[in-house]
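Descriptive structure summary
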Amino acid sequence: MQRRVFISPKKYIQGAGVLAQLGEEVEKIGKAPLILSDETVWGITGDAVEESFKASNISYSYEEFGGEASVTEIDRLTEVGKENNADVVIGLGGGKTIDTAKAVGDNLDIAVVAAPTTASTDAPTSALSVIYSDEGVFEGYKFYNKNPDLVLIDSKVVVGAPISLLASGMGDAMATLVEAKASQKRNSDTMAGGKATLTGTAIAEKAEEVLFTQGIAAYKAAKEGLVTPQVEAIIETNTLLSGLGFENSGLAAAHAIHNGFTALEGDIHGLTHGQKVAYGVLTQLVLEGYSETEILPYVDFFKAIELPTTLEDLHLEEASYEDLIEIGKLATAEGETSHNMDPELTPEQIADAILAVNAMTTA
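Residues numbered from 1 in each chain as written. Predicted model: local features only at pLDDT ≥ 70, side-chain atom pairs only at ≥ 80, totals over all residues. Heavy atoms only, no water.

**What about the UniProt feature "domain: Alcohol dehydrogenase iron-type/glycerol dehydrogenase GldA" (unreviewed entry) in the protein?**
- Look at the UniProt record and you will see "domain: Alcohol dehydrogenase iron-type/glycerol dehydrogenase GldA" (unreviewed entry) annotated at residues 9-154.
- Across residues 9-154, helical content stands at 34% and strand content at 28%; the span's end C-alpha atoms are separated by 17 Å. (UniProt positions renumbered as here; feature names shortened; annotations may be inferred. Helix = DSSP H or I, 4+ residues; strand = E, 2+ residues; numbered from the N terminus.)

**Some thoughts on the layout of surface pockets**
- In this structure, the largest pocket encloses a volume near 980 Å³.
- Every residue lining the largest pocket is counted, 47 residues in all, and those nearest its centre are G94, G95, K96, S120 and T121.
- Elements with a minimum of two residues in the lining of the largest pocket: α2 (39-54), α4 (95-108), β6 (128-132), α5 (155-160), α6 (163-185), α9 (253-261) and α10 (273-287).
- For the lining of the largest pocket, the class distribution of residues is 15 nonpolar, 25 polar and seven charged.
- In this structure, the second largest pocket occupies an estimated 150 Å³ of space. (1 Å grid on protein atoms, 1.4 Å probe; cavity = no way out; pocket = protein on both sides within 12 Å on 5 of 7 lines; lining within 4 Å. Points joined across faces, edges and corners; volume = space filled by probe spheres on them. Nonpolar A, V, L, I, M, F, W, Y, C, P; charged D, E, K, R; others polar.)

**Considerations on the packing of aromatic side chains**
- Taken as a whole, this structure holds 10 aromatic pairs when the rule is applied.
- Taking 5.0 Å as the distance between ring centres and 55° as the angle between the ring planes, the aromatic pair formed by F53 and Y60 counts as tilted.
- The class for F53 is buried, based on a relative accessible area of 4%.
- Between F138 and Y141, the aromatic rings sit 5.4 Å apart at their centres with planes inclined by 65°, giving edge-to-face as the arrangement.
- Since its relative accessible area comes to 11%, F138 is described here as buried.
- Cluster of aromatic residues (ring-pair linked, three or more members): W42, F53, Y60 and Y62.
- The lysine or arginine in question, K96, covers the ring of Y132, its NZ or CZ lying 4.2 Å from the ring centre. (Phe/Tyr/Trp six-rings, centres within 6.5 Å; stacked < 30°, edge-to-face > 60°. Buried < 20%, exposed > 50% of the residue type's maximum accessible area, 1.4 Å probe, protein only. Lys NZ or Arg CZ within 6 Å of the ring centre and 35° of its normal.)

**Focus on the sheet that holds strand β1 (residues 12-15)**
- Spatial ordering of the open sheet is given by β1-β8-β5-β4-β2-β3, a layout of six strands whose pairing is parallel. Both outer strands of the open sheet, β1 and β3 (61-64), are each paired with one neighbouring strand and no more. Averaged over neighbouring strand pairs, the angle between their axes works out to 15° when direction is ignored.
- With two bridges joining them, strand β5 (residues 111-116) and strand β8 (residues 150-154) adopt parallel strand pairing. Its bridge partner being in β8, A114 is matched across the sheet by V151.
- Helix α3 (residues 71-83) rests against β2 (33-37) and β3 of the sheet, and its axis sits at about 160° to β3.
- Sitting on the sheet, helix α8 (residues 229-249) touches β1 and β8, and the angle it makes with β1 is about 150°. (Pairing = 2+ DSSP bridges. Axes fitted to C-alpha atoms, helices over the stretch in contact; angles between N-to-C directions. Contact = heavy atoms within 4.5 Å.)

**Notes on α6**
- Along its 23 residues, α6 runs 35 Å from first to last C-alpha, staying within 8% of the 33 Å computed at 1.5 Å per residue.
- At L177, α6 shows its maximal kink, close to 25°.
- Burial of α6 is extensive: 18 of the 23 residues sit out of reach of the surface.
- Count one or two residues on from α6 and you reach N187, which has phi positive near 55°. (Expected span 1.5 Å × (residues − 1). Bend = angle between axes of the 7 residues up to and from the residue.)

Written as structure tokens, this is what we have:
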């Protein structure tokens, strides 16, 4: 029996200044929240969060996030949650902070609130976490029985973050439809645990449409710290459309190649998730046999928002073919999402496609 599955968060709130409503919204969910955030993000948002909880009838506990969504950090913060008798955990910050909060919430069987301070990934809405080693090497996915209870994203905070993070979110979001189409050609299961729904696919299609029509204008406005309708559209695309789209319509090689990049040492570790996924999108299109004419609109878009399109951009211009094979090995490992597209992909094919993208974009 084939079943179609669609999953999503209970509530999504977006807008300039909505962080001021965090306490009020959390009060509807729990009475003893634990906030996880890193030092930098807390320095930017802590006062607004404090004021929002003063306006509510509950107080919160705070614990600094160590920076890596690893089993070690998840276990440590789970113990902190137990000590504070937390009944809701709030991930305030980037994708790794939020992924860690989801894992802690699952361990403690309590409510989860995702409060992203950037629109750099589609992590906030999903019922999974990407788990890394303490050193930042991809280890796998951790799946949960439910999506976050609330996603709250303040557009004004988002445009105050480095512009590279908004661009990274667009790189991540651009993978949504590309991977969905590849996955559905093989009728592969989605991250939601079934076949893709028409709704999930329609959301993925909308994500790509908004990126191509609004993305560059949003990038230019956000670079000036402005919240415009185009910026709001891209924040929603990066966070909600991409999040619902990838989870409900299928992943393929682009994210597997991103995971493969974690096999290498060096400056590539300084790049964001979306920066690496963007190159993964181009590599997947090559692997699928798309023509250069079909691939170039993606290349041009990524260049316009300063995402990597060459090996030099990835700090891999000195990488050997053997290094690229290592990327390919991790990208085609058992359980990787590349199998949704083609279970017979080899590390050599991945390496060759990575080089082919570089040849196309540096010509």
